[in-house]
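Okay, here's what each chain looks like letter by letter:
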Number of protein chains: 4
Amino acid sequence: MADGFVHEIRVGWGDCDPARIAYTGHLPGFALRAIDAWWEWALEAPGGWYHMEIDRGFGTPFVAMRLDFRAPVTPRHPLLCHVRPTRLGTTSVSFRVDARQDGRTCFEGEFTCVFVEGGTLEKRTPPEDAAAAIRAHLP
Amino acid sequence: MADGFVHEIRVGWGDCDPARIAYTGHLPGFALRAIDAWWEWALEAPGGWYHMEIDRGFGTPFVAMRLDFRAPVTPRHPLLCHVRPTRLGTTSVSFRVDARQDGRTCFEGEFTCVFVEGGTLEKRTPPEDAAAAIRAHLP
Amino acid sequence: MADGFVHEIRVGWGDCDPARIAYTGHLPGFALRAIDAWWEWALEAPGGWYHMEIDRGFGTPFVAMRLDFRAPVTPRHPLLCHVRPTRLGTTSVSFRVDARQDGRTCFEGEFTCVFVEGGTLEKRTPPEDAAAAIRAHLP
Amino acid sequence: MADGFVHEIRVGWGDCDPARIAYTGHLPGFALRAIDAWWEWALEAPGGWYHMEIDRGFGTPFVAMRLDFRAPVTPRHPLLCHVRPTRLGTTSVSFRVDARQDGRTCFEGEFTCVFVEGGTLEKRTPPEDAAAAIRAHLP
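**Describing the overall build of chain A**
When its secondary structure is counted, chain A shows three helices and seven strands. Each helix (α) and strand (β) of chain A, taken in turn from the N terminus, gives the series β-α-α-β-β-β-β-β-β-α. The C-alpha radius of gyration of chain A comes to 15 Å, within 12% of the 14 Å expected for a compact globule of 139 residues. When the backbone C-alpha atoms are referred to their principal axes, chain A occupies close to 45 × 35 × 25 Å. The contacts in chain A between residues at least 6 apart in sequence include a share of 63% that link residues at least 24 apart. Summed over all atoms, the accessible surface of chain A reaches about 5500 Å², with 47% contributed by carbon and sulfur.

Below, the structure written as structure tokens:
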């Protein structure tokens, strides 16, 4: 775990635009898939956000994201998305995602989510096991 | 033009996730569609980025985006994306997008792009008509 | 109504792949957006499938689709999706979608859906107003 | 190879709609990703369609697809997409994709593509190694 959780994405032809690189509009979605997969891994239960919402009754909608794009993403190499939580608030959590191909950073992002009740979207504190999973992986 | 350019998006069932709101991963793409449509409108030529890359030989890849999510987006109302350029640099341009439904802001974002040669992705200054179109709509 | 319902889609840069045409993987989604919009129009209630599922308690999941691709789709012209129901069964409905740009057919498809209870996905007969809306537009 | 090539897809929260199942509009795209990955595997060169278009100068656009949806797709299990070519014509190739979760078929599809010159989209015969790769995996 020295390097934390890595989610691998196969970038395909259909992810690319006529400039022959992955379309920027898809890149935030790649980071979100990686965070979804992080939850699956951290909670040790299949399904990630789907499991959290439907089986556990809580959600983590996004309130902010910031992305910097460093190098084009292409289908030449797998996209390795390194995910780690960076901050746990009373009702919020922040993540950092570094997405790399062939040894270089393609983009990096910071994402902040709030904990809410499933269904109502009302703010709440995280379930204890979720908070513990985050704490276990904070820097 | 007092209120600037507005691009309307029909949010559909397929844009929504099990929380019954538009999936966050799609929202940056909505903003990008609106900026693409802004270029079409500002250059008075059909195609937006497609026209710029293929007919004009230049592109405007993104180097950064920042989004704040204020309220859920749903299929109940059209999503009105207000787009305006906020800064023109020597080789870059920034845009602001405010996305509203039913009178309230759902999300807002800032986006920075660089001008590049089509094909090579090498940085360049904007074509004069593109720079003029941006200047004409700066705040 | 001689020509039936038409849903217009703005094809963007991000819909295109490196062959400079809209990626095939997006085209079924365009047709589905058009059918979703058809329901909104036919039921005279905003939201389409979202309204049907959440406010009315029924859904229409797809059981089959068949598409033929005749000509590339590009951002050069709006994509006009002509939608009409072609068959109403006891618990099913079929649609035909013809998608045209600049006067020629780009793709055409046939889609069959079943009526189900919201939530349970159990097969059912359509609500009377939905059946009537379909019948009103059958060829 | 008794069972042929299998491409695994992680279905996520963002792939699902408010009915809590993967949105139908995404399923053809899953099948296409699997065919793209099949080419990568069959040609033993990274990139699939991207490699074929950009490094090899040929493409395989779709002319038809037929899908039957048997059971909902969810994030509960990986989606295993079994891909095999079913027919090699003079200038065309057909594929079958069976997509399974947890031992049952969720959807199955047939897809027909034509071989074209990269750039021009003009019909052509397949390169010999591509034809050989297809023949090696025909039923």
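Anyway, onward from the coordinates.
**Side note on the interface of chain B and chain A**
The partner chain A presents 23 residues to the 23 residues of chain B that form the contact. Three residues, Met65(B), Arg66(B) and Phe69(B), lead the burial of chain B against chain A; their summed loss comes to 24% of the area buried on that side. Along the contact surface separating chain B from chain A lie two salt bridges. For Asp68(B), the salt bridge goes to Arg66(A), with nearest N and O atoms at 3.1 Å. Our enumeration of links across chain B and chain A arrives at eight residue pairs in polar contact (both at pLDDT 80 or more).

**Let's talk about the packing of helix α1 (residues 27-43) of chain B against helix α3 (residues 128-137) of chain B**
All names here are of chain B. Where α1 meets α3, the closest approach of the two axes is 10 Å, and the angle between their N-to-C directions is 100 degrees. Between α1 and α3, the angle falls in the class roughly perpendicular. On α3, the residues touching Trp38, Trp39, Trp41, Ala42 and Leu43 of α1 are Asp129, Ala130, Ala133, Ile134 and His137. Partitioned by chemical class, the residues of the contact of α1 with α3 number eight nonpolar, one polar and one charged.

Reading the values: rules and limits
- Residues numbered from 1 in each chain as written.
- Chains lettered and ligands numbered in written order.
- Predicted model: local features only at pLDDT ≥ 70, side-chain atom pairs only at ≥ 80, totals over all residues.
- Heavy atoms only, no water.
- Helix = DSSP H or I, 4+ residues; strand = E, 2+ residues; numbered from the N terminus.
- Rg over C-alpha atoms; globule rule 2.2 N^0.38 Å.
- Contact = heavy atoms within 4.5 Å.
- Areas by Shrake-Rupley, 256 points an atom, 1.4 Å probe, with all protein chains shown as cover.
- Buried area = accessible area lost by both parts, 1.4 Å probe.
- Salt bridge = Lys/Arg side-chain N within 4 Å of Asp/Glu carboxyl O.
- Polar contact = N/O pair within 3.5 Å; in protein donor to acceptor, adjacent residues only side chain to side chain.
- Axes fitted to C-alpha atoms, helices over the stretch in contact; angles between N-to-C directions.
- Parallel < 35°, antiparallel > 145°, perpendicular 65-115°, else oblique.
- Nonpolar A, V, L, I, M, F, W, Y, C, P; charged D, E, K, R; others polar.

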